[in-house]
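Coordinate analysis (summary)
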Amino acid sequence: MVEPEERPSVAGQRLGAPESMGISTLEPGQRPPVMPPGRQVSIRVQMLDDATEVFNVSNRASGKALFDLVCSHLNLIEGDYFGLEFQDHRKMTVWLDLLKPILKQIRRPKNTILRFVVKFFPPDHTQLLEELTRYLFALQIKHDLACGRLTCNESSAAQLVSHIVQSEIGDFDEVQCKQHLLHNKYIPDQDVLMDRIMEYHQNHIGQTPAISDYELLEIARKLEMYGVRLHPAKDREGTKLNLAVAHSGVLVFQGHTKINSFNWAKVRKLSFKRKRFLIKLRDLNQSNCQDTLEFMMGSRDCCKVFWKICVEYHAFFRLLEEPKPKPKPVLFTRGSSFRFSGRTQRQVIDYVKDSEYKKVPFERKHSKIQSNSGPPSFTPKLGAVDHGEKIACASGHQVDSPHHTQVTVENPSLQRFTGSLTSQTNGCRNGTLDETDARLKPSPSKQQAEHLSTGPVTSSESPSAVRVMVNGQKQSLSLGQSPDGRQPSPLTSPLLTDGGYVRTDDEDEVRRKRFPTDRAYFIAKELLTTERTFLKDLEVITVHFQTFVGKDEAMPQSLKNLIFANFEPVYKFHESFLKDMEQRLAQWEGRSNAHIKGDYQRVGDVMLTNIQGLKLLTPHLQKHSEALLELERTCRSSRKLEAFCRDFELQKVCYLPLNIFFLRALHRLMHYKQILERLCKHYPPTHEDFRDSRAALADVSEMVVQLHGTLIKMENFQKLLELEKDLVGMHLATPGREFIRLGCLSKLSGKGLQQRMFFLFNDVLMYTSRGMTPSNQFKVHGQFPLYGMTIRESEDEWGVPHSFTLSGQRQSVVVAASSASEMKKWVEDIKMAIELADVCNGSSAEILSSSFTDSKFPEESSADQESEDDLSASRTSLERQSPHRGNTTVHVCWHRNTSVSMVDFSVALENQLSGNLLRKFKNSNGWQKLWVVFTNFSLFFYKTHQDEYPLASLPLLGYSITIPSESENIHKDYVFKLHFKSHVYYFRSESEYTFERWMEVIRSATCSSSQMRTSRKEPHIY
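What counts and how
Residues numbered from 1 in each chain as written. Predicted model: local features only at pLDDT ≥ 70, side-chain atom pairs only at ≥ 80, totals over all residues. Heavy atoms only, no water. Helix = DSSP H or I, 4+ residues; strand = E, 2+ residues; numbered from the N terminus. Buried < 20%, exposed > 50% of the residue type's maximum accessible area, 1.4 Å probe, protein only. Contact = heavy atoms within 4.5 Å. Areas by Shrake-Rupley, 256 points an atom, 1.4 Å probe, with all protein chains shown as cover. Axes fitted to C-alpha atoms, helices over the stretch in contact; angles between N-to-C directions. Left-handed = near helix turned anticlockwise from the far one by under 90°. Salt bridge = Lys/Arg side-chain N within 4 Å of Asp/Glu carboxyl O. Phe/Tyr/Trp six-rings, centres within 6.5 Å; stacked < 30°, edge-to-face > 60°. Lys NZ or Arg CZ within 6 Å of the ring centre and 35° of its normal. Pairing = 2+ DSSP bridges. Expected span 1.5 Å × (residues − 1). pLDDT = per-residue confidence, 0-100. Core = buried A, V, L, I, M, F, W, Y, C linked by side-chain atoms within 4.5 Å. Disulfide = S-S within 2.5 Å.

1. Concerning the overall build of the protein
- For the protein, the helix and strand inventory stands at 26 helices and 31 strands.
- Within the protein, the fraction of its 1022 residues that count as buried is 58%.
- Excluding contacts between residues fewer than 6 apart, the proportion of contacts in the protein whose partners are at least 24 apart in sequence is 68%.
- As displayed, the protein has an accessible area near 43100 Å², and 50% of this comes from carbon and sulfur atoms.

Structure below.
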């Protein structure tokens, strides 16, 4: 079989590009700049698919204008990874300078062809957020393979070619595959590897071109020569070498073997002098280490070309924003004025995450599979997932994709439904609705732990797969996979989209008028809805954890008795209490056979009876904290039990850290007290329900006072245990330690301001960065004992806004907050912690000081890891995923650049709320009914209150809550708006009371407490 004839390609028609100018990649959201006046010059550009395009530009136009035209022609958003290269008059391959006029760089434009190629190769292809970008990278890999630039072993070469073939001809057919390989040469020695290529190709059945691109890049990025462009050089002894530059720094090769590398963190300065290329290293206090390395290159021009690309690589991967131009000297110039022009990688990622642009389909020129460039008959978010495919969930473990019921799109009754299909991946635990990560594309066959995922939907509730044509192949469309493998936002699932389970406004008004409007009724209803959620939380321990533990003998029998013997009586009591509440609310609403409604329009009597019964269970409640302590002690002594509990936390029902559920019964007493206080405040003293409500409040207040001290200690202990899981190799739960605050600050170092996660305790301040561990845990870089520490504002001293200096006994550090309010919180908390530390015994403080200083992690000694952390803050290589909760508060604070205190944690746990809300997206029309639970700084979304686990979650840190303005055309009552950057959600409650309550509890999560709780200076002994 031969290749079909190539059609002539004209600018503006390739890759399915519309006639519009698209989006400029260097000026986000803007059309390409207007060309300066002057005669038109035709410039030929060869694309990565070997097509040649002609662009007409002004003879005064800069390189940036041409590059913008090319990116706009391709509708390429992430164009900053690419560049235009050409051969200059010296026959040297150079990059087109975006700041200089084109005709000053290209002397004979009619005889010059520029090549549009990949310029910056990121370390992890998951940082490429668009399918089109990954397709162009795949074309670059294909070209590098064919020309011998990307060398690898035979096995890797065969795998790479097999994915290319799958992308171009589709599923394996022996005759077709063999003919295709005979007519197309992808690697120099392809004939020898033909059998192995075909063997690998057989394993890719059902794989779409988008998946093939992804897998191709997954293999290529691990190769030593991935993205390497060799520049010949010699060392001082005259040995022939090759220099190259990568995201991590400068590399040295002998032949095609890497023999050395100089990480950016080690490099102090790069320069060249005539033919000599100089690398000045930082002083690492090693006398046997050269300070300056020297390499001889072919000419001064060769040196300058390599130096320029080094400058650009360093700026693109290491800087947060484009460097500012240097001021022009008045008299004399010294050195080169060259600088990097364009967005840095961090700016590109942030722009794509925050942008809301319409995705334009494109054509794969070499693919014989039916293109996806035509207008689809259903929403483009639909995609293909092969049956039996392994899907890595948000928790990191893998499950088999089940066989779904097959339906056809041709059925008219399903046309409307398939238009809104996006799904939950079966077997995945609850995910997060973190929009800052929503545009990061996971593998089509795997999902990243940090990115969005949702829970399963059973086929009995809604159709879960559709048989359609995708890329010319019949595919089973599992709900939620897009053709490019992108997992959609959890709030665009069938349960959360306009297409399903939407109650009309008329029905809603009728229902609202039928129910009571008394404020006491809505207070009682809040008690009912939160009781339903509380009982589900108790089931996590009494039902699911108990069943899970019964599968193995990892837990000692004595520990089982301690836990379940004290939780089951509480669970049975609240099960009966919930039935009483449901019956009373049914009578209150008039939905029962009771004829005298007045006797049942109250709730104080039910509360009084049950609170008195709950007081008898106080000994069991006191044992809950003891059970948590004993479980932790046993886990520390038994690796098997520790792994067992960690596996349970990955179950869908365990939507919060396991140890939080051990404190739920104590938190519930706080909820009862708050609800009864609102009820007593509402009732006049003459109301028939006032006496019972006040008596119930007195009883529950007595229980709260009795157990509150235990709750405060256990909340701190639980938070220390939770933080241990996010830090590498740290044991935090030590006697006397109290957690105070965590959050992001920028640390000032020789490399500028660098994002760090700080953890403040009553004895020490730690700073960390997100490491390269399989679970993206945070690596501790330094620890400062608080004893003897001083703090002062230093904005004027360093010229950095919101900065302050922390001076310890042996070291100092300058940090900057993101805002004045964040700085105020940190300064207040650190001063308070220093006062507490000074009160402690001096001897213990000295021990802490010496131990922490000895165990300090200087950044210079871990330069390689430091560089990787800075470079790949969002790096989530799928091959390194391990079971770990990726939506913890620490990770949310890292991504949202904010902080929270222990007071905030306590308020968020004590302000739990649940109930039905109607939700609307910014650009949608209908309102959708959801069961929503607020706890632990997040909203968790369910279809109904009977669901065992949430379908999705939305961390609220960093969000703002407001009331919609008139211009937003939300003409409904009781609507509040949640927004973060460009992400907007509207929620609608059923009454003024519920509206006020949702506003109150969400503000407690989005706005940190300004007043600290009374300092607890007594150390907590566990």
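Right, picking up where we left off after that structure.
2. Some points on the packing of helix α18 (residues 664–682) against helix α19 (residues 690–724)
- Close contact between α18 and α19 brings their axes to 8 Å; oriented N to C, the two are set at 145°. For the pair α18 and α19, the sense of crossing is left-handed.

3. Re the environment of Ala233
- With respect to the helices, strands and loops of the structure, Ala233 is situated in strand β6 (residues 231–234).
- Judged by relative accessible area, Ala233 falls into the buried class, the value being 6%.
- Considering only alpha carbons, one finds Ala233 and Met296, 63 residues apart in sequence, at a separation of 5.4 Å.

4. With respect to the pattern of salt bridges
- If you walk through the whole model with that rule in mind, you get 41 salt bridges.
- When the shortest N-O distance is used, the salt bridge between Glu630 and Arg633 registers 3.4 Å. On the criterion of helical spacing, the pair formed by Glu630 and Arg633 is a turn pair, its members being three residues apart in helix α15 (residues 618–637).
- By relative accessible area, which is 30% here, Glu630 ends up partly exposed.
- One salt bridge in this structure joins Glu632 and Arg636, with 2.9 Å as the shortest N-O distance.

5. Overview of the packing of aromatic side chains
- The tally for this structure, following the rule as stated, stands at 37 aromatic pairs.
- Centroid distance Phe778 to Trp894: 5.4 Å. Interplanar angle 70°. Geometry classified as edge-to-face. Of the two residues, Phe778 is situated in strand β20 (residues 778–785) and Trp894 in helix α24 (residues 889–896); the sequence distance between them amounts to 116 residues.
- For Phe778, a relative accessible area of 0% puts it in the buried group.
- A residue is classified by how much of its surface remains accessible, and Trp894, at 6% relative accessible area, is buried.
- Through pairs of rings, three or more aromatic residues link up here, namely Phe67, Tyr81, Phe82, Phe116, Phe120, Phe121, Phe137, Tyr226, Tyr313, Phe316 and Phe317.
- Note that Arg737 overlies the ring of Phe761, its terminal NZ or CZ placed 5.4 Å from the centroid.

6. Brief notes about the sheet that holds strand β3 (residues 82–87)
- Overall, mixed pairing links the five strands, which are arranged β2-β1-β5-β3-β4 in an open sheet. In this open sheet, the two strands that pair with only one neighbour each are β2 (52–58) and β4 (93–95). Pairs of neighbouring strands in the sheet enclose a mean axial angle of 35°, with direction left out of account.
- Taken together, the three bridges between strand β1 (residues 40–46) and strand β5 (residues 113–118) define a ladder with parallel strand orientation.

7. A short note on the pairing of β1
- With burial as the criterion, only one face of β1 is covered, namely that bearing Val41, Ile43 and Val45; the residues Gln40, Ser42, Arg44 and Gln46 on the opposite face remain uncovered.
- Strand direction decides the pairing type here: β1 and β2, joined by seven bridges, are antiparallel. When the sheet's bridge partners are listed, Gln46 is paired in β2 with Thr52.
- Between β1 and β2, which pair antiparallel one after the other, the connecting turn spans five residues, and Asp50 there sits at a positive phi close to 75°.

8. Considerations on helix α1 (residues 63–74)
- With twelve residues, α1 ought to run about 16 Å at 1.5 Å a step, and its terminal C-alpha atoms sit 17 Å apart, in line with that.
- Most of α1 is tucked away, with twelve of its twelve residues classed as buried.
- Where α1 is concerned, the buried positions are Gly63, Lys64, Ala65, Leu66, Phe67, Asp68, Leu69, Val70, Cys71, Ser72, His73 and Leu74.

9. Comments concerning the environment of Ser953
- With respect to the helices, strands and loops of the structure, Ser953 is situated in strand β28 (residues 952–955).
- Of the residues examined, Ser953 reaches a relative accessible area of 1% and is grouped as buried.
- The spatial distance from the C-alpha of Ser953 to the C-alpha of Tyr655 is 9.4 Å, given a sequence separation of 298 residues.

10. Here we look at the sheet that holds strand β10 (residues 267–273)
- Read from one edge to the other, the open sheet built from seven strands follows the order β9-β8-β7-β6-β12-β11-β10, with strand pairing classed as antiparallel. At either end of the open sheet lies a strand with only one pairing partner, and these are β9 (257–263) and β10. Strand-to-strand twist in this sheet, taken as the mean axis angle between neighbours without regard to direction, amounts to 35°.

11. Here we look at the confidence of the model for the protein
- Taken residue by residue, the protein gives an average pLDDT of 75. The fraction at 70 or more is 72%.
- The low-confidence segment residues 1–30 (pLDDT under 50) makes 83 contacts with residues lying over four places distant or belonging to another chain.
- In this model residues 841–884 is a low-confidence stretch, pLDDT under 50, and it forms 117 contacts with partners more than four residues away in sequence or in other chains.

12. Looking at the nonpolar core
- Of all hydrophobic cores here, the largest spans 131 residues; its most connected members are Ile563, Leu742, Leu939 and Trp998.
- The greatest single-element share of this core, amounting to 15 residues, is contributed by helix α12 (residues 519–549).
- Residues in contact with Trp998, not counting those within four places in the same chain, are Leu913, Ser914, Gly915, Leu917, Val932, Phe934, Leu939, Ile961, Phe976 and Ser989.
- One finds Ile43, Val165, Met194 and Met198 within the second-largest nonpolar core, a separate group that totals 104 residues.

13. Overview of unusual backbone geometry
- If you check the backbone angles, Lys91 has positive phi at about 65° while not being a glycine.
- Overall, Lys91 belongs to the exposed group, its relative accessible area being 65%.
- Positive phi values are uncommon outside glycine, yet Lys981 reaches one of about 55°.
- In this fold, Lys981 is placed in the loop between β30 (975–980) and β31 (983–988).

14. Thoughts on the side chain of Asn566
- If you trace the backbone, Asn566 turns up in helix α13 (residues 557–588).
- Setting aside residues up to four positions removed in sequence, Asn566 forms contacts with Asn561, His620, Lys623 and His624.

15. A short note on the pairing of β5
- For β3 and β5, the ladder comprises four bridges, and the chain directions are antiparallel. Bridge pairing in β5 places Gly83 opposite Val117.

16. So, the environment of Val165
- Along the polypeptide, Val165 turns up in helix α4 (residues 154–169).
- Of the residues examined, Val165 reaches a relative accessible area of 0% and is grouped as buried.
- Residues Val165 and His204, spaced 39 residues apart in sequence, show a C-alpha to C-alpha distance of 9.9 Å.
- Setting aside residues up to four positions removed in sequence, Val165 forms contacts with Gly170, Cys177, His180, Leu181, Tyr186 and His201.

17. Section: the state of the cysteines
- Under the counting rule described, the total for this entry stands at zero disulfides.
- With no disulfide partner, Cys645 has as its closest neighbouring cysteine sulfur the one in Cys635, 3.9 Å distant.

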